[in-house]
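Letter by letter, the chains look like this.
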Amino acid sequence: MAIDIKYAGPYAVLTLNRPDALNALQFTMIEALSYTLDQVAASDARALIVTGAGPKAFCAGADIKELMDRDLMAQRLGAQLGQRTFAKLAALRIPSVAVLHGYAFGGGLELAMACTFRIATIKARMGLPEIKLGLIPGYGGTQRLPRLVGEARATELVMSGRTVDAIEAERWGLVNRVVPEGEPEELGKTFMADFVGYSRCASLFAREAVARGMATTLDEGLDIEADLSTLAYQTADAAEGMRAFLQKRTPEFKDA
Ligand code: DAK
């Protein structure tokens with residue numbers, strides 16, 4: 001299957017596995033991705049790592065052959081399928097990271113932008129080149145990119161189709177970190193190691209507070225923070241964390 005999943009310790013590792021076509025996304029792959037995300041959500045994994053197979057690309061975008069010769073309804077349903085699936089990825093209760101090596105174009109970058117984090121190897125290039133095909137992004141790119149890098153930079157990339165390298169992407173805030181070339185799964189594990197050792201409750205509340213706050217006003221965001229931080233106080237893990245600090249020992253979180 002073109003979507004592979006495996007579990008390694010606290011990590012679920014999802015791989016786009018169609019290297020001969022630079023992991024270009026067919027509609028069946030997006031359906032398989034959706035199904036696989038349901039499995040990940042039901043698993044004990046504490047973090048998801050998303051990678052692409054082969055040395056050349058994370059993902060070169062939607063499969064251009066498939067996009068052709070489809071009627072209006074089919075195109076709209078296709079866009080909605082991709083948007084729904086990437087929204088499912090964005091809403092996962094565990095954090096996710098896309099490990100970008102080589103090319104991350106079009107739908108591939110849109111998939112990466114639905115992850116919690118992105119890291120890029122030094123030779124990675126990314127962009128939304130749909131305009132060169134007479135298209136515009138259809139899997140959330142026009143909406144998630146400005147939220148990450150601001151309206152001016154997003155509009156520039158969407159309207160020019162220009163690609164950026166890893167350094168520029170990091171400077172813009174499109175990726176969290178630039179890392180040396182390496183095995184994508186290992187790069188993802190190294191990055192995610194900073195996140196998997198804490199209480200899942202606190203991790204979830206932290207991410208939710210930021211995400212919900214970004215979608216509303218500062219005043220409402222502060223209310224959300226007050227509610228979620230109060231909720232965090234009610235967990236056994238919060239009691240354990242504070243007790244462990246005072247007893248000068250490492251806390252043992254139980255995700256409760
Ligand atoms: N789709 C299909 N096949 C692709 C592909 C793609 N996006 N990208 C690469 N491939 C295939 C190539 O056709 C080639 O196959 P063979 O000829 O060997 O059979 C193989 O992968 C290797 O590619 P190249 O030979 O081209 O490799 P190079 O190293 O020379 O070039 C490249 C790499 C990434 C620069 C080049 O392949 C390239 O420019 N690829 C296209 C990149 C691109 O334009 N991506 C954006 C796709 S559009 C919507 C839904 C979705 C979207 C919009 C609307 N609705 C439903 C409304 C989103 C659209 C997109 O993502």
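Note: the structure precedes this text.
Now for a look at the structure at hand. (Residues numbered from 1 in each chain as written. Predicted model: local features only at pLDDT ≥ 70, side-chain atom pairs only at ≥ 80, totals over all residues. Heavy atoms only, no water.)

Section: the site of the ligand
Logical step 1: In the vicinity of the ligand, 24 residues are found, and the nearest of them are Lys 56, Ala 60, Ala 62, Ile 64 and Gly 107.
Logical step 2: Measuring from a nitrogen atom of the ligand, one finds a backbone N or O atom of Ile 64 at 2.9 Å.
Logical step 3: A distance of 2.9 Å separates an oxygen atom of the ligand from a polar backbone atom of Gly 107.
Logical step 4: Burial of the ligand by the protein amounts to 66% of the accessible area it has alone, namely 1,100 Å².
Logical step 5: Among the elements of the structure, helix 2 (64-67), helix 3 (72-90) and strand 6 (103-105) are those that each provide at least two residues to the shell around the ligand.
Logical step 6: Counting residues per element, the shell around the ligand draws most heavily on helix 3, at three residues.
Logical step 7: Residue classes in the shell around the ligand are distributed as 14 nonpolar, six polar and four charged. (Near = heavy atom within 4 Å. Polar contact = N/O pair within 3.5 Å; in protein donor to acceptor, adjacent residues only side chain to side chain. Areas by Shrake-Rupley, 256 points an atom, 1.4 Å probe, with all protein chains shown as cover. Helix = DSSP H or I, 4+ residues; strand = E, 2+ residues; numbered from the N terminus. Nonpolar A, V, L, I, M, F, W, Y, C, P; charged D, E, K, R; others polar.)

What to know about the pattern of salt bridges
Logical step 1: Scanning all chains against the criterion turns up 12 salt bridges.
Logical step 2: For Asp 63, the salt bridge is made with Arg 18, and the minimal N-O distance between the two is 2.7 Å. Remark: Arg 18 occurs in the loop between strand 2 (11-16) and helix 1 (27-42) and Asp 63 occurs in the loop between strand 4 (57-59) and helix 2; sequence separation between them is 45 residues.
Logical step 3: We classify Arg 18 as buried; its relative accessible area is 19%.
Logical step 4: Several salt bridges converge on common partners, so that one network encompasses Lys 6, Glu 185, Glu 186 and Lys 189. (Salt bridge = Lys/Arg side-chain N within 4 Å of Asp/Glu carboxyl O. Buried < 20%, exposed > 50% of the residue type's maximum accessible area, 1.4 Å probe, protein only.)

Brief notes about empty space enclosed by the protein
Logical step 1: Counted by the stated rule, this structure contains one cavity of 30 Å³ or more.
Logical step 2: In this structure, the largest cavity occupies an estimated 80 Å³ of space.
Logical step 3: Arg 46, Arg 93, Ile 94, Pro 95, Phe 195, Val 196, Tyr 198, Ser 199, Arg 200, Ser 203, Leu 204 and Arg 207 together form the lining of the largest cavity.
Logical step 4: A breakdown of the residues in the lining of the largest cavity according to their chemical character gives six nonpolar, two polar and four charged. (1 Å grid on protein atoms, 1.4 Å probe; cavity = no way out; pocket = protein on both sides within 12 Å on 5 of 7 lines; lining within 4 Å. Points joined across faces, edges and corners; volume = space filled by probe spheres on them.)

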